[in-house]
There are 2 protein chains.
Amino acid sequence: MKPVKVGVLGLGTVGGGTVNVLKRNAQEISRRAGREIMITHASARDLTRERICDTQGITLSTDPYEIINDPEIEIVLELMGGTDLAKELVLQAIANGKHIVTANKALIALHGNEIFAAASKANVMVAYEAAVAGGIPIIKTIREGLSGNQVNWLAGIINGTGNFILTEMRDKGRDFADVLTEAQALGYAEADPTFDVEGIDAGHKLMILASIAFGIPLQFENVYTEGITKITRADVEYAGELGYRIKHLGIARKTANGIELRVHPTLIPERRLIANVDGVMNAILVQADAVGPTLYYGAGAGSEATASAVIADVVDVVRALALDAQNRVPYLGFQESEINNLPILAPAEIETTYYLRLTVEDKPGTLADITGILAKQNISIEALIQKEPKQGETRVSIIMLTQKTIEKEMDAAISAIENLSSVTGQVTRIRLETLG
Amino acid sequence: MKPVKVGVLGLGTVGGGTVNVLKRNAQEISRRAGREIMITHASARDLTRERICDTQGITLSTDPYEIINDPEIEIVLELMGGTDLAKELVLQAIANGKHIVTANKALIALHGNEIFAAASKANVMVAYEAAVAGGIPIIKTIREGLSGNQVNWLAGIINGTGNFILTEMRDKGRDFADVLTEAQALGYAEADPTFDVEGIDAGHKLMILASIAFGIPLQFENVYTEGITKITRADVEYAGELGYRIKHLGIARKTANGIELRVHPTLIPERRLIANVDGVMNAILVQADAVGPTLYYGAGAGSEATASAVIADVVDVVRALALDAQNRVPYLGFQESEINNLPILAPAEIETTYYLRLTVEDKPGTLADITGILAKQNISIEALIQKEPKQGETRVSIIMLTQKTIEKEMDAAISAIENLSSVTGQVTRIRLETLG
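Only a predicted model underlies this, so the values are computations on that prediction, with no experimental measurement involved. Along each chain, residue indices are assigned from 1 in the same order as the chain's sequence is written. Here every chain gets a letter starting at A, and every ligand a number starting at 1, in the order they are written. The predicted nature of this model means local features are confined to residues of pLDDT at least 70 and side-chain atom pairs, given and counted, to a pLDDT of 80 or more, with totals for whole chains, interfaces and linings taken over all residues. Excluded from the side-chain calculations are hydrogens and water; all other atoms, namely the structure's heavy atoms, are used.

Moving on, we come to unusual backbone geometry. Even without being a glycine, Asn123(A) presents a positive backbone phi close to 60°. For Asn123(A), the position within the fold is in the loop between α5 (105-122) and β6 (126-127). Starting at the N terminus, helices and strands are each numbered in turn, a helix being any DSSP run of H or I of at least four residues and a strand any DSSP run of E of at least two.

Right, let's talk about the sheet that holds strand β1 (residues 4-9) of chain B for a bit. Residue and element names in this part refer to chain B. DSSP calls a pair of strands paired once it identifies at least 2 bridges connecting them. The strand order β3-β2-β1-β4-β5-β6 describes an open sheet built from 6 strands, whose pairing is parallel. The two strands at the open ends of the sheet, each matched to only one other strand, are β3 (59-61) and β6 (126-127). Summarising the sheet, β1 and strand β4 (residues 75-78) pair through 4 bridges and their orientation is parallel. Paired with valine 6 across the bridge in β4 is isoleucine 75.

Next up on the list: the relation of the copies chain A and chain B. To line up the copies, we fit them by least squares on C-alpha atoms, keeping just the residues with pLDDT of at least 70 in both. Laying chain A over chain B is done by rotating through 180° and shifting 0.0 Å along the axis; what remains is an RMSD of 0.1 Å. Seen this way, the second copy is the image of the first under a two-fold rotation axis. Relative to the rotation axis, the closest C-alpha in chain A is found at Tyr296(A), a distance of 2.4 Å. In this description, contact between two residues means that some pair of their heavy atoms is separated by no more than 4.5 Å. Comparing interface residues between copies, 100% of those in chain A also lie at the interface in chain B; the contact surface is shared.

Once that is clear, we can look at the interface of chain A and chain B. Of the residues lining the interface, 67 residues belong to chain A; the matching set on chain B comes to 67 residues. Summed over both partners, the accessible area (1.4 Å probe) lost when two parts come together is defined as the buried area. Both faces considered, chain A and chain B share a buried interface measuring about 5,500 Å² in area, 51% of it formed by carbon and sulfur atoms. A per-residue breakdown of the area chain A buries against chain B is headed by Arg31(A), Arg32(A) and Arg319(A), which together make up 17% of the total. Elements represented by at least two residues in the side of chain A that touches chain B include exactly α1 (13-24), α2 (26-33), α6 (138-145), α10 (200-214), β12 (292-299) and α12 (303-320) of chain A. The greatest single-element share of the side of chain A that touches chain B, amounting to 9 residues, is contributed by α12(A). Residues of the side of chain A that touches chain B, tallied by class, amount to 32 nonpolar, 20 polar and 15 charged. Under the grouping applied here, Gly and all other residues not named as nonpolar or charged are polar, the nonpolar ones being Ala, Val, Leu, Ile, Met, Phe, Trp, Tyr, Cys and Pro and the charged ones Asp, Glu, Lys and Arg.

The next subject is the domain arrangement of chain A. Accessible area lost during the coming together of the parts is what is often quoted as the interface size. In terms of domain boundaries, chain A breaks down into domain 1 (4-135 + 303-338), domain 2 (138-299) and domain 3 (350-432). Put simply, the middle of domain 1 of chain A and the middle of domain 3 of chain A, counted by C-alpha atoms, are 51 Å apart. Residue ranges labeled as domains rest on an automatic or database domain assignment.

Residue and element names in this part refer to chain A. Inspection of the secondary structure assignment puts leucine 374 in helix α13 (residues 366-376). Along the backbone, leucine 374 and alanine 413 are 39 residues apart, and their C-alpha atoms lie at a distance of 5.8 Å. Excluding residues that lie within four positions of it along the chain, leucine 374 makes contacts with Leu356, Ile379, Ile381, Met400, Ala413 and Ile417.

Have a look at this one:
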């Protein structure tokens, strides 16, 4: 069979890695695919820049339209990032009858519904394995490998930067700001780390995972995101004393009242495998009704790990070129007519357990006041640590784990507790999930 | 589209589970597949036996030929086990133009080459996700999800019975025989546990994984298997003292001299995620050149976990019905013409590190004799523990970790050490892999 011609938009970390891996493993890939996959064209903003890849044999251009309008090119790899120009180019390429492979989580999370509708109309594929958890084939796993299951919930460490920071805080007893600076120096975190540390990036990925798990439309606006910037060394240590680790988790869960979509720091029991996923690594734990819990672990970012997912998508697209739309794997794993608008649970309605840390005056009655407020909101206490005051201090830390409660009850309790004259400052509240 | 008619051979644990999950999740499955999947016929040896599934609406028979000869049935699920009758039925079904989904690891490991050749001739698919690691979609992952990679090595805990036994031995300080008896009572181990504890079952699965990882023919006769029956509580404890856990691993590795295919007890550093996979759970760690290390974890057996893999295969087969053979995923992930007869390394040539335990007379010169023998075979010692003799004993245990050495050098050293008059009994030797 003749080679499949592929055009690449963007020759940065992911685009360059894809060129490198396709070249190095050309023989192994065609042993599998039965066809040669040939990158004939690539575009980049600045052609004079030094590249991580050898572009010999590839026609280069600063104009991405040259690629998406080239009649010879069957598959376009969108590896440039961003959501404005990328969206415009992807929609135009689709209109031109090109199949799309993208690593762009923001593009899919924010504009996926529109892109899939256009692709369906044009009868082309849009593949996005590389958009979530880098090289871990989690999209394929949920869409195809678990297709016999109803997914109950999934929980993922899906941002390597955040996981690196939390791992360093725990292993070395360091502060958030200190580790962030190092992560920036190492290139793990951007100069503006907001997307990573505030959970936006993880929120994009969680939205994609939830859509393919439950067959719901993409709706990033309904994902609750909370960052890790307020996690202190003390919280990491107290969590450890109680047998927990703090991870920045994306959680999607199907409940009787609606779907939960939330990214936030989470205490998880240290004996769970996912609690031991450290550094920049990613992992997704999926709880499905037939298979039970399964976990998928690997590099969530990086040039060649992401390229691995891009290339797997290209091979899949090549294989499915000959299929009618009905037999191809649907964009979100579920047939388009079967995507359901299930209700999304408001954050205030989410039921979970909590870790609370308070600073209080060490005097009689304080604890009674606090536990009284919790009791009034029907919140039971599962564990409590009260630390001795430090030398010369009159204030002490109280750490509590609660039993399950509805978030709005907890909000009300925390407001009331913070109003107590014996309580100093704000109450630290971190959600806890047993993931059992 | 009209429903796909499926016939099932065998209504035991896996067959019954498949009927149950297909019924319970019928709606979710057709939301994904876009087509109804209907089990119309099933065969079982004894129709009077009580079943775990409701067989209403399914035509039952004791004669499997009724199913494989039924012109209406497009896909046959071989869930009966065994290799004689199963092979005969599968080959006949293939000759009749049926696609096959099987959970039978022994059938594929021992007769896969012949079955795939027949299937290729008949232009039908043979899918076997359920044959390895139950519900973990590891076949799909390696064949499709990692198709851009060259696999360097993989290591798997792929027998739940063995892992349950080793976990209990460590957690509760129990002896092998004692835990085996309990595992038999719990139904985790067969009355004749040979297949599980001697590594035969894991060997079958490893062979399948190696074939799809490296594109080599199935050749179970070249898999080295060593069981866990000689692992003692003492070894588990010493390994723990040194920071290791003992797991029954299947390892396949591509080296410059050939492919390693081996199943044996293995010390692995306790900080590795796979060292923390406990009980009956399975996990496979894959090291591939682009993606780096990835790990896949889940239930390796059980009625519905295995059914999950069977159903995913059925959905895949349904989608690929319309494809010509060239575009379907090849049986072993590589095109048939691209399966290579790479040399398999003889066990004596394998290079690894070792844990050694010896019982010796506590007298001067003993250690010098032992280390002298090791030095003569170019074996360096990485760590050494010598225990004080117990009250009233004159013999002591010596535990050593070596650096990397070729197995035949180690065999020679052990022979020489066992011939020393100061050494009592046999030297215990367990391989060690850092998996880093």
